[in-house]
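As a plain string of letters, each chain reads:
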Amino acid sequence: MSGPIISLTGVTKHYGSFQALQPTDLDIQSGEFFSLLGPSGCGKTTLLRTIAGFETPSGGVVRIDGADMAGVPPNRRPTNLVFQSYAIFPHLSVAENVGFGLRRSTQSKAEKAAAVEEALGMVGLEGYGPRPTHAMSGGQRQRVALARALILKPKVLLLDEPLSALDKKLREQMQGELRRLQRQVGITFILVTHDQEEALIMSDRIAVMFEGQIAQLATPEALYRQPDTRQVADFIGVMNFLPAQFVDGSAEIAGLGRVDLPDNEDGSGVVGLRPETLQVLYDGADAPARIAEGDVVEVTYYGDMTYYDVRFDGADKPVTISMKNLAGRAVLERGARARVGWDPRALVVFRD
Amino acid sequence: MQDDTRRGLLLVSPPAIYALLMLAAPMAAVLLFSFWSQDFLTIDRTFTTKNYVEAVSDPLYRALLIRSVAIALAVTVVTVALAYPVAYFVSFHVHPSRKSLWIFLITIPFWTSYLIRVFLWKVILGFNGVLNSSLLGLGVINEPLTFILYNQNAVVITLAHAFAPFAILPIFVALERIDRSLLEASQDLGESRFRTFLRVTLPLSVPGLVAAVLIVFIPTIGDYVTPRLVGGPNGLMIANMIQTQFLKLNNAPLGAALAVVAMASVTVISLLFIWLNRRNLRARR
């Protein structure tokens, strides 16, 4: 494969004295589904708009497909953006919206019409061309915005929180469709989202951003299993944090006891455990690696899962444990005693 | 529901009665008069259309009507052409916190009576006026310009100045309502700023543009004071003739017919203009 399709070197952005983007280096490969994930105000949208050309970086170099983009306006960049508000032109029909960017193409009228119909077919809106856009639902407007960008066959498609305005069902459906589309057209997608679940589901790689900086860049699995910092671990999924003291290659963890953790210098910190790596032990369960006991302080029933908050003996705060509701498995009640199995291999160490 | 309707009717009735008395009743009277005729000092109340035949066939009246329409169109074009850039500037290039100040400043001409402003234009445009003496003093011209006062140019200049704020405000409101992400979307889809203006900003500002055109065109065509004061003999318009018929020639029926013809012309031209722009005026979110 050739070089990265997007390459940022030392890109910064500040508005007056506010630093929206710390110096950022980032390479995104061709054909990747890449996500910028972070809470609002973390600079992810600024980064996206810098790539699109709507923000001029205060410093650093943005390259797209090897070409320096300094001074190149948005209309001359090989990128297209799907706006958070969709930005559908209200005075144009669906077909006119989708064909908006084709004015300068050398295709004949019939070819353009065919391209519009093909793009509409790609997003499941065959035959919607002549309709006005004001009567369309949020999901349909979203599809029009997608078709309008994809018809231009950009090298990179930028998506600015495209699903945040949709209801849950529709959002999940669109997540699947976006992935399918991305594989089908083979274009690099860069998605901005504050929804960690969405980023995990859809992306090949994720950059987690806090306060204008990329905190960690990894695959979804690595991000979930091996977060670099407590902040990342806390933002991605649910993580139980337990204070720990590291002494002589082992750790004394509040509520869980002593466990061997070689290659750790002496000192203090916390260890993290995901809810699904802990399990409430029922009679007859296989003996796990380690067992701890505590009181069930809260039970949250989700139908397929039950979440237990269990306070281990000798710990200050409860940990969250997720259990599948298998057939014949009783749901524990609040106040019950729980024996909890856990595995030291699931521990993630965060040093102070 | 019925209670709501009753309360609604009660609320609108004072202005409705006022409008009925002060607008609909006089209009009906004008319409009625136009089908009567003047018999020396008395009004002959037999139905006749001879006033209308005279109003449209007499070359003098026809010339005045065509001139009124032409001047009104010229005023409209000049005013809107000047107002659009101002509205665009305030909407797109003035910091949001200063926009209301700008709009406030734009309304300053209203602080002076319209009559006084017309007189001021006489002072500016006159033979020994501000403009001529300045240009003479600067050596740009050798003798005073005479084509700027007491003719149709003077009427257009004066009316365009008077109506500019009326045109700026609706255009400004229409521009303010345009979602800025649409402009970015257009650029993102490959269009330059200028093309974006033509394909997105301009069509989306059409409702304001149409409002501005109607607000300027409709009152201008029947304007009476301005042509009277700065128009000279060749700048007189249909309203001046209507006044002459009513007050000097003592022929109210013919004056009424001329007024109805003028109103009908305005209506037809306005409706035609709205119809031409129907595509960009349709309701939208």
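Below, the structure is looked at part by part. (Residues numbered from 1 in each chain as written. Chains lettered and ligands numbered in written order. Predicted model: local features only at pLDDT ≥ 70, side-chain atom pairs only at ≥ 80, totals over all residues. Heavy atoms only, no water.)

## Concerning the overall build of chain B
Okay, step 1: Per the secondary structure count, chain B includes 14 helices and two strands.
Okay, step 2: Counting only residues that meet the buried cut, chain B has 42% of its 285 residues in that class.
Okay, step 3: Sequence-distant contacts, at least 24 apart, represent 67% of the contacts inside chain B between residues at least 6 apart.
Okay, step 4: Carbon and sulfur atoms make up 71% of the accessible area of chain B, which totals about 16,000 Å². (Helix = DSSP H or I, 4+ residues; strand = E, 2+ residues; numbered from the N terminus. Buried < 20%, exposed > 50% of the residue type's maximum accessible area, 1.4 Å probe, protein only. Contact = heavy atoms within 4.5 Å. Areas by Shrake-Rupley, 256 points an atom, 1.4 Å probe, with all protein chains shown as cover.)

## Focus on the interface of chain A and chain B
Okay, step 1: In this complex, chain A contributes 24 residues to the contact, which on the side of chain B involves 22 residues.
Okay, step 2: Taking both partners together, chain A and chain B bury about 2,200 Å²; carbon and sulfur atoms supply 53% of that area.
Okay, step 3: The interface formed by chain A and chain B includes three salt bridges.
Okay, step 4: Its salt-bridge partner being E96 of chain A, residue R279 of chain B comes within 3.0 Å of it at the nearest N-O pair.
Okay, step 5: At the boundary of chain A with chain B, the tally comes to 10 residue pairs in polar contact (both at pLDDT 80 or more). (Buried area = accessible area lost by both parts, 1.4 Å probe. Salt bridge = Lys/Arg side-chain N within 4 Å of Asp/Glu carboxyl O. Polar contact = N/O pair within 3.5 Å; in protein donor to acceptor, adjacent residues only side chain to side chain.)

## A closer look at the pairing of strand β3 (residues 33–37) of chain A
The two faces of a sheet get side chains in turn, since along a regular strand they alternate between them.
All names here are of chain A.
Okay, step 1: Burial runs high along β3: five of the five residues are buried.
Okay, step 2: Bridging between β3 and strand β8 (residues 188–193) involves five bridges; their strand directions are parallel. Across the sheet, residue L36 finds its bridge partner in β8, namely V192.
Okay, step 3: The pairing of β3 with strand β9 (residues 205–210) spans four bridges and is parallel. The residue of β9 that forms the bridge with F34 is R205. (Pairing = 2+ DSSP bridges.)

## Regarding the environment of F33 of chain B
All names here are of chain B.
Okay, step 1: Here F33 lies in helix α1 (residues 2–34).
Okay, step 2: Each C-alpha atom of the pair F33 and T79 lies 35 Å from the other, and the pair is 46 residues apart in sequence.
Okay, step 3: If near-sequence neighbours (up to four positions away) are discounted, F33 is found in contact with I43, N51, A252, P253 and A256.

These figures capture arrangement, not role.
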